[in-house]
Amino acid sequence: DIVADISGTSWSAAGMLIYPNPSNAAFYIQMTTSVSPTGIHLYDLLGNEMDIQTEILDAHKVKVIPNSQLQGSYQLRLQTADGRVISRAVCMGSH
């Protein structure tokens, strides 16, 4: 389940926080436990993968930077070294 906080700036579920959400540019993934991401992907609603850059800031935090100006809703998928795939909705642009 995805739960929106009352400020509308982040969504948190299963130990994963994405902020700011919605975002106009870069956003962050904060995990409550240490993860080793083997892949971070961003997809539009048609399943097309968006071009992004990622920067691992520490064992719990990753910065995601879209390579183009994005508008709308997207699906973020984070794959971990232990085989888990965590998916969350991300809103980009002025919402």
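What comes next is a walk through the structure.

**Considering the overall build of the chain**
In terms of regular secondary structure, the chain is built from zero helices and 10 strands. Here the chain holds 95 residues, and the buried ones make up 34% of them. Contacts in the chain between residues at least 24 apart in sequence constitute 49% of all its contacts with a sequence separation of at least 6.

**Structural notes on the nonpolar core**
Counting 19 residues, the largest nonpolar core has Met16, Phe27, Ile29, Ile40, Leu42, Val64 and Leu76 as the members making the most contacts within it. Of all the secondary structure elements, the ones that give two or more residues to this core are β3 (16–19), β4 (27–31), β5 (37–43), β8 (61–66), β9 (72–80) and β10 (85–92). Those residues in contact with Leu76, other than ones at most four positions away along the chain, are Met16, Ile18, Phe27, Ile29, Ile40, His41, Leu42, Ile86, Ser87, Arg88 and Val90.

**Re unusual backbone geometry**
For the peptide bond that leads from Tyr19 to Pro20, omega is -15°, which places it in the cis range. Relative to the helices and strands, Pro20 is located in the loop between β3 and β4.

**With respect to the side chain of Ser23**
In this structure, Ser23 sits in the loop between β3 and β4. According to the relative accessible area criterion, Ser23 is buried, its value standing at 2%. At 3.0 Å, the side chain of Ser23 forms a polar contact with the backbone oxygen of Ala25. If we ignore the near neighbours within four places in the chain, the residues touching Ser23 are Cys91, Met92 and Gly93.

**Let's talk about the sheet that holds strand β6 (residues 49–50)**
The sheet built from four strands is open, its strands ordered β6-β5-β9-β10 with antiparallel pairing. Bordering the open sheet on either side are β6 and β10, each of which pairs with just one other strand. In this sheet, β10 lies alongside β9 in antiparallel orientation, the contact comprising eight bridges. Bridged to Gln79 within β10 is Val85.

**Observations concerning the environment of Met31**
Secondary-structure assignment places Met31 in strand β4. Along the primary structure Met31 and Ile18 are separated by 13 residues, whereas in three dimensions their C-alpha atoms are 8.9 Å apart. Apart from residues lying up to four places away in sequence, Met31 is in contact with Gly15, Met16, His60 and Ile86.

**So, the environment of Gly83**
Within the element layout of this structure, Gly83 appears in the loop between β9 and β10. Considering only alpha carbons, one finds Gly83 and Pro37, 46 residues apart in sequence, at a separation of 9.6 Å.

Criteria and cut-off values
Along each chain, residue indices are assigned from 1 in the same order as the chain's sequence is written. With pLDDT at 70 or above as the cut-off, local features in this predicted model cover only qualifying residues; side-chain atom pairs require 80 or more to be listed or tallied, and sums for whole chains, interfaces and linings still use all residues. In computing side-chain values, all of the structure's heavy atoms are included and hydrogens and water are not. Elements are defined by DSSP. Helices are runs of H or I of four residues or more, strands are runs of E of two residues or more, and each kind is numbered from the N terminus. Exposure is judged per residue with a 1.4 Å probe applied to protein chains only, and the accessible area is read against the type maximum: over 50% gives exposed, under 20% gives buried, and values in between give partly exposed. Any two residues having at least one pair of non-hydrogen atoms within 4.5 Å are treated as being in contact. Here, the term nonpolar core denotes a set of buried Ala, Val, Leu, Ile, Met, Phe, Trp, Tyr and Cys residues that are joined through side-chain atoms within 4.5 Å. Polar contacts, as used here, are pairs of N or O atoms within 3.5 Å; protein pairs need one atom able to donate a hydrogen and one able to accept it. Residues neighboring in sequence count only if both atoms are side-chain atoms. A pair of strands is labelled paired if DSSP reports no fewer than 2 bridges between them.

As far as function goes, none of this settles anything; it's purely spatial.
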